[in-house]
Amino acid sequence: MSSVVDIYKKYQAQTFPYPSLLKIKKAIGCYIFDTNNKKYLDFVAGVSANSIGHSNKYITDAVKDQLDKYTHVMVYGEYIQKPQYELAKLLSENLPKSLSTSYFTNSGTEAIEGAMKLAKRISGRSEIIYFKGSYHGSTQGALSVMGNEYYKSKYRPLLPNCKQIIFNDIKSLENITKKTAAVIVETIQGGSGFKIANEDFLIELNKKCKQFNVQIIMDEIQTCYGRTGKLFGFENSPIVPDILCIAKGMGGGFPIGAFISSWENMNKLTFAPKLGHITTFGGHPISCVASLATLKFIIKNKLYEEINEKEILFKKLLVHKKIKKIRGKGLMLALDLFDNKSTNKIVELCMDDGLLLFFFLFNNSSIRITPPLTISKEEIKKGCEIILRNLDKI
Ligand SMILES: Cc1ncc(COP(=O)(O)O)c(C=O)c1O
């Protein structure tokens, strides 16, 4: 008889040669349980997606309630659905006036696709500038603006007129001209291991974009919904984007994304041609109620106010001769080791010891720490103890 691992490997498409093979039974709060009932403290949160913990009752009640009413009834935008307009309204109430109107998608990468199309419609131009080390998703538009050649070279030709420049390099911003439709930027580069955009760099970027009427598309797919200690990452900076992309933690574990801009900008997708962006399931009512519950929970409990203290606690506890530094902000932390060959080993050892950690796409000397925002100080201490005692073993 085939084992579960054989079935998984044979019938489910594999994109990574060495998956962890953790067999999931259930997940509650900051813990995941395997099929042998072994309990793991989760410092990954589905790669920043489970912002308020696993099986949070606030979300599951909202989802169950919506399941009893209706699920999919129509393609995006045709019918008036309370989960969608309530979420759009609450987002607008928590964003600057220029970011008033949301288009809901199924994922982050689809939000990026929509934002790139919108920038073309607003500007009438096609050039998109992106940064080395950036990750915006894996579809062909998003791949065209990925700042890593290894992952894109086999998929060429990609979109024309996409130009890579250097992150945090003010001189590089001279490439922004009147031909540019948009610059796409992360406030914290996720794939590169949580590299933060410098404030003076963002100010200069903003200045250049205003000078040439270029749209700033900000990818807040990982930083949104409180992860950096503010509801949105750009609130840590002096600039406001023209188009904001959010996803991941926005759904509290359910699939949803959004690109958000002014009503006037969004209106460009309504005419000539109409149906400027189409999706069947984007803004699914179940995902929208999950996202609404997540946002309300974060605001009601002022979760973002505790993030700074939790970041400080992590940085205070994670001191070890094998740790070079801790990068990142809020609960987006990257543990940089002196010996980059040890990252796999430490993730493996910690998993055996009941703690889940994870990797970065473009940075193999760092380890990802992105627990649910609801993690307690006791749980942080417990997880850090596991990391330290396993660092002693390597
Ligand atoms: C910064 C950033 N942008 C875009 C994406 C793509 O989002 P999704 O995987 O939901 O398509 C991700 C996903 O990891 C991300 O971290």
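Source: prediction; values computed, not measured.

Conventions used here
- Residues numbered from 1 in each chain as written.
- Predicted model: local features only at pLDDT ≥ 70, side-chain atom pairs only at ≥ 80, totals over all residues.
- Heavy atoms only, no water.
- 1 Å grid on protein atoms, 1.4 Å probe; cavity = no way out; pocket = protein on both sides within 12 Å on 5 of 7 lines; lining within 4 Å.
- Points joined across faces, edges and corners; volume = space filled by probe spheres on them.
- Helix = DSSP H or I, 4+ residues; strand = E, 2+ residues; numbered from the N terminus.
- Disulfide = S-S within 2.5 Å.
- Buried < 20%, exposed > 50% of the residue type's maximum accessible area, 1.4 Å probe, protein only.
- Pairing = 2+ DSSP bridges.

*Asks:* Would you explain the layout of surface pockets in this entry?
*Replies:* Picture a little ball the size of a water molecule; that probe, rolled over the atoms, points out where space is still empty. Of the pockets and cavities examined, the second largest pocket occupies roughly 700 Å³. Around the second largest pocket sit 25 residues that line it, and Tyr76, Gly77, Ser102, Tyr103 and Thr270 are the ones nearest its centre. Among the elements of the structure, α4 (82-93), β4 (101-105) and α9 (263-266) are those that each provide at least two residues to the lining of the second largest pocket. Counting residues per element, the lining of the second largest pocket draws most heavily on β4, which supplies four residues.

*Asks:* Please clarify how the state of the cysteines should be interpreted in this entry.
*Replies:* Disulfides are covalent bonds that connect the sulfur atoms of two cysteines. The tally for this structure, following the rule as stated, stands at zero disulfides. We note that Cys350 lacks a disulfide partner, and the nearest cysteine sulfur, in Cys384, lies 10 Å from it.

*Asks:* Would you explain the pairing of strand β10 (residues 215-219) in this entry?
*Replies:* For a regular strand, side chains alternate in direction, first toward one face of the sheet and then toward the other. When you tally the buried positions in β10, you get five out of five residues, the bulk of the element. Residues Gln215, Ile217 and Asp219 point to one face of β10 and Ile216 and Met218 to the other, with burial holding for every one of them. With five bridges connecting them, strand β7 (residues 180-186) and β10 associate as parallel partners. In the strand pairing of β10, Val183 is matched with Ile216.

*Asks:* Can you help me understand the sheet that holds strand β3 (residues 39-42) in this one?
*Replies:* Hydrogen bonding along the main chain pairs the strands of a sheet, whether they run parallel or antiparallel. Taken in spatial order, the four strands line up as β1-β2-β3-β15 in an open sheet, and their pairing is mixed. At either end of the open sheet lies a strand with only one pairing partner, and these are β1 (24-28) and β15 (355-356). In this structure, β3 lies alongside β15, joined through two bridges in parallel fashion. Bridge assignment links Asp42 to a residue of β15, and that residue is Leu356.

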